[in-house]
Protein chains: 2
Amino acid sequence: MGAIRGARERARAEITAAIKEEAARQLGTHGPAGLSLRAVARELGMASSALYRYFPSRDDLLTALIIDAYDAVGAAAEHELAMLDRRQPAAQPVERWVAVCRAARDWAVGHPQEYALIYGSPVPGYSAPQDTVGPASRVGLALVSVVRDAHTAGLLGEPAGRPLAGPVRADAGRLAAELAPELPIRVIAALVAAWAQVFGIVSFEVFGQFNRVVEARSEFFEQAAVALAAQVGLRTDGGARDGAIAAGASAGSAGRGAGGVLPAK
Amino acid sequence: MGAIRGARERARAEITAAIKEEAARQLGTHGPAGLSLRAVARELGMASSALYRYFPSRDDLLTALIIDAYDAVGAAAEHELAMLDRRQPAAQPVERWVAVCRAARDWAVGHPQEYALIYGSPVPGYSAPQDTVGPASRVGLALVSVVRDAHTAGLLGEPAGRPLAGPVRADAGRLAAELAPELPIRVIAALVAAWAQVFGIVSFEVFGQFNRVVEARSEFFEQAAVALAAQVGLRTDGGARDGAIAAGASAGSAGRGAGGVLPAK
DNA sequence: CCAAAAGCAAGAGCACCGCTCTCTATTTTT
DNA sequence: AAAAATAGAGAGCGGTGCTCTTGCTTTTGG
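Residues numbered from 1 in each chain as written. Chains lettered and ligands numbered in written order. Predicted model: local features only at pLDDT ≥ 70, side-chain atom pairs only at ≥ 80, totals over all residues. Heavy atoms only, no water.

### Thoughts on the protein's contact with DNA strand C
Here is the rule: Note on terminology: near, applied to a residue and a molecule or strand, indicates that one of the residue's heavy atoms is within 4 Å of it. For this analysis, a polar contact is any N or O atom pair within 3.5 Å, provided that within protein one partner can donate a hydrogen and the other can accept it, and provided that sequence-adjacent residues contribute only side-chain to side-chain pairs. A run of DSSP states H or I qualifies as a helix once it reaches four residues; a run of E qualifies as a strand once it reaches two. Both are numbered from the N-terminal end.
Every one of the 25 residues lining DNA strand C counts as a neighbour, but Tyr54 of chain A together with Leu37, Arg38, Arg42 and Arg58 of chain B are closest to it. Atoms of DNA strand C within 4 Å of the protein: sugar and phosphate make up 49%, bases the balance. Side-chain polar atom of Arg53 of chain A to a base nitrogen of DNA strand C: 2.9 Å apart, as the coordinates give it. One of the backbone N or O atoms of Leu35 of chain B is found 3.4 Å from a phosphate oxygen in DNA strand C. Elements with a contribution of two residues or more to the surface near DNA strand C: α1 (7-30) of chain A together with α1 (7-30), α2 (37-44) and α3 (48-51) of chain B.

### Structural notes on the nonpolar core
Quick reminder of the rule: What makes a nonpolar core is a set of buried Ala, Val, Leu, Ile, Met, Phe, Trp, Tyr and Cys residues whose side-chain atoms join them at distances within 4.5 Å. To sort residues, take the accessible area from a 1.4 Å probe on protein chains only and compare it with the maximum for the residue type: under 20% means buried, over 50% means exposed, and anything in between is partly exposed. Contacts: residue pairs with any heavy atoms within 4.5 Å of one another.
Of all hydrophobic cores here, the largest spans 158 residues; its most connected members are Trp97 of chain A together with Trp97 of chain B. Those residues in contact with Trp97 of chain B that lie beyond four places of it in its chain are Leu143, Val146, Val147, Leu191, Ala194, Ala225, Leu228, Ala229, Val232 and Leu234 of chain B.

### Digging into the UniProt feature "domain: HTH tetR-type" (unreviewed entry) in chain A
Note the threshold: UniProt positions are given in the numbering used here, feature names are shortened, and annotations may be inferred rather than shown by experiment.
Mapped onto the present numbering, the UniProt feature "domain: HTH tetR-type" (unreviewed entry) falls at residues 13-73 of chain A. Secondary structure across residues 13-73 of chain A comprises 69% helix and 0% strand; the distance between its end C-alpha atoms is 23 Å.

### Focus on the side chain of Arg217 of chain A
All names here are of chain A. Threshold: Lys and Arg are tallied as positive, Asp and Glu as negative. Neither His nor the chain termini are counted. Salt bridges, as used here, are contacts in which a Lys or Arg side-chain nitrogen is within 4 Å of a carboxyl oxygen on Asp or Glu.
Mapped onto the fold, Arg217 is located in helix α10 (residues 217-232). In this structure, Arg217 is buried with no salt-bridge partner, the nearest side chain bearing the opposite charge being Glu215 at 4.5 Å. Looking at Arg217, its side chain comes within polar contact range of the main-chain oxygen of Val214, at 2.4 Å. Other than its neighbours up to four places away in sequence, Arg217 contacts Arg105, Glu205, Phe210 and Asn211.

### Here we look at the relation of the copies chain A and chain B
The criterion, for reference: To line up the copies, we fit them by least squares on C-alpha atoms, keeping just the residues with pLDDT of at least 70 in both.
You can overlay chain A on chain B at an RMSD of 0.1 Å; the transform is a turn of 180° with a shift of 0.0 Å along its axis. Viewed as a symmetry operation, the transformation between the two copies matches a two-fold axis. Considering only C-alpha atoms, the residue of chain A closest to the rotation axis is Gly200 of chain A, which sits at 1.6 Å. The fraction of interface residues of chain A whose copies in chain B are also interface residues reaches 96%, indicating that both copies meet through the same surface.

### Remarks on unusual backbone geometry
All names here are of chain A. Non-glycine residue Arg212 carries a positive phi angle of around 65°. Topologically, Arg212 is positioned in the loop between α9 (185-206) and α10. A residue is classified by how much of its surface remains accessible, and Arg212, at 56% relative accessible area, is exposed.

### Focus on the pattern of salt bridges
All names here are of chain A. Evaluation of the coordinates by the stated rule reveals 26 salt bridges over all chains. Measuring nitrogen to oxygen at the nearest pair gives 3.1 Å for the salt bridge that ties Glu158 to Arg186. Within this pair, whereas Glu158 is found in the loop between α7 (138-152) and α8 (166-179), its partner Arg186 is found in helix α9, the two being separated by 28 residues in sequence. Several salt bridges share partner residues, and in doing so they unite Asp71, Glu78 and Arg138 into one network.

### As for the interface of chain A and chain B
Heads up, the rule is: Accessible surface is computed with a 1.4 Å probe, and the buried area is the amount of it that two parts give up when combined, taken over both parts together. Basically, the charged four are Asp, Glu, Lys and Arg, the nonpolar ten are Ala, Val, Leu, Ile, Met, Phe, Trp, Tyr, Cys and Pro, and anything else, Gly included, counts as polar.
Taken together, the 54 residues of chain A in the interface contact 53 residues of chain B. Of the roughly 5,100 Å² buried between chain A and chain B, counting both surfaces, carbon and sulfur atoms make up 61%. Along the contact surface separating chain A from chain B lie zero salt bridges. Scanning the region where chain A abuts chain B turns up 17 residue pairs in polar contact (both at pLDDT 80 or more). Where the side of chain A that touches chain B is concerned, the elements lending two or more residues are α5 (112-119), α8, α9 and α10 of chain A. The leading source of residues in the side of chain A that touches chain B is α9 of chain A, at 11 residues. Here the residues of the side of chain A that touches chain B sort into 32 nonpolar, 15 polar and seven charged.

### Focus on the UniProt feature "DNA-binding region" (unreviewed entry) in chain A
Using the residue numbers shown here, the UniProt feature "DNA-binding region" (unreviewed entry) corresponds to residues 36-55 of chain A. Each end of residues 36-55 of chain A is marked by a C-alpha atom, and these two atoms are 13 Å apart; helix forms 40% of the span and strand 0%.

### Considerations on the protein's contact with DNA strand D
Close to DNA strand D lie 24 residues; Leu37, Arg38 and Arg42 of chain A together with Arg53 and Tyr54 of chain B are nearest. When the atoms of DNA strand D within 4 Å of the protein are sorted by group, sugar and phosphate make up 51%. Arg38 of chain B is positioned such that a nitrogen or oxygen atom in its side chain is 3.3 Å from a base oxygen of DNA strand D. With respect to DNA strand D, the backbone of Ala47 of chain B contributes an N or O atom lying 2.8 Å from a phosphate oxygen. Those elements giving two or more residues to the surface near DNA strand D turn out to be α1 and α2 (37-44) of chain A together with α1 and α3 of chain B. Counted by class, the surface near DNA strand D contains nine nonpolar, six polar and nine charged residues.

This is the structure:
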């Protein structure tokens, strides 16, 4: 945080960064399993044992990369949202929602290995150290903020779905108290579901489950993101049909014409 | 396939099975990265080199396990559906849909490592050998069959969401031709999305993303599965409101009373 | 200012890994 | 019964994560 004190600390910071950089590079080419401390050290021209001064174990290096990845995708989402708001200050909630989703997806397809690291199978022992929970929630919080803004702007309708089962209601209530007390409980529940579902689609794309199934990935994703926004209760038009099911805008969805869902990319 | 011919072939089959069994055991305790051919051989009391008579490489062993896992979850889904139909021949399409989803989830939480193997990050080199695509699609096909049955029974409404973008329509059309020509294209698209979204929720649960977020996992999942069924167009009651948005049953959802979504487990 | 303390880099070494090669024993086929 | 195919064992190669010991440099404190 503070200013760098001596040459030693500066060197330490630089070398730590270089190690992470090279490790990330190897991660991109050989995958998480192929990340080798020795190879990193070799590439950096240092003895493998020296690397342990910076990361006490391979898992710690991986954890650092995990945190970086969470931060990267979180920052991408926040940045994309900020850009949209600057470009188009009166953007519809649905557009803002889709912007966040698309940012996450774009980052994922651009960094598949890093994505796999954080949203794929947890690594060997793995215990999800506490340091990861903050960065890990940034995308989710961005989604929450979009919905919250829509709510304060009066652009939030009823979420789809049946009334909540008791325990689900309890979870959602606890979450609501934590991060958005003004939002209806059902919206919170729908939001969490949508959050998981967005990443379900991204994971299927990145992990190859869509091979030979879905080819128009970005359009497909966009379509699903819009549907999920509706599911959460974000209105696609800021008008009538109060309290009605927001998802039900399909009938008269002149929307944006010509097949397009939202202005792509 | 055919009868076992000699003692040698029988032994080979048995040993192959034993290797896979032990490998699966190790997979469950140490994770995919911790699967060691030497350890498997050691546990089986044979030389590590002898193991290569059965699996030419570690990746081939993993591939075998992957196929087994796909088959296991697929069989679980099909079995659960068959059981429901036997127990309750007039089951609602939504119930059948949820049964398939729940079977997949139950298998996943019961076999997290095997689940990670097939729905988590792809393994090192990995090329998704052709042998996996058949088993891999069983759960998806089960979902398709549920929707198709609902359609022939006249219990399929309009799926939620806007009209499809062109390329998405093309993908869905191709898929429809392959596996369910009678279904509306939009239903196919919604189905694929729902398929990915179901596994998104399962993955978030199994991979720990729901830690400290969702505690009532099975109820939450059930809720989401029902919502996804509606999204696809499965009616929750076999009656009125033709062509209307099926998801819109929320208003008067007396449903099944007392917070419960569907008869659990 | 210089000695003590602390941090850093390197090398050797341990136990393990996937995998190959060679050699022998056994079974199947001809 | 001879020949061919198959199964197992062992040694060995290059790689891995990680530890320990040994020197060296920077920082610190009297």
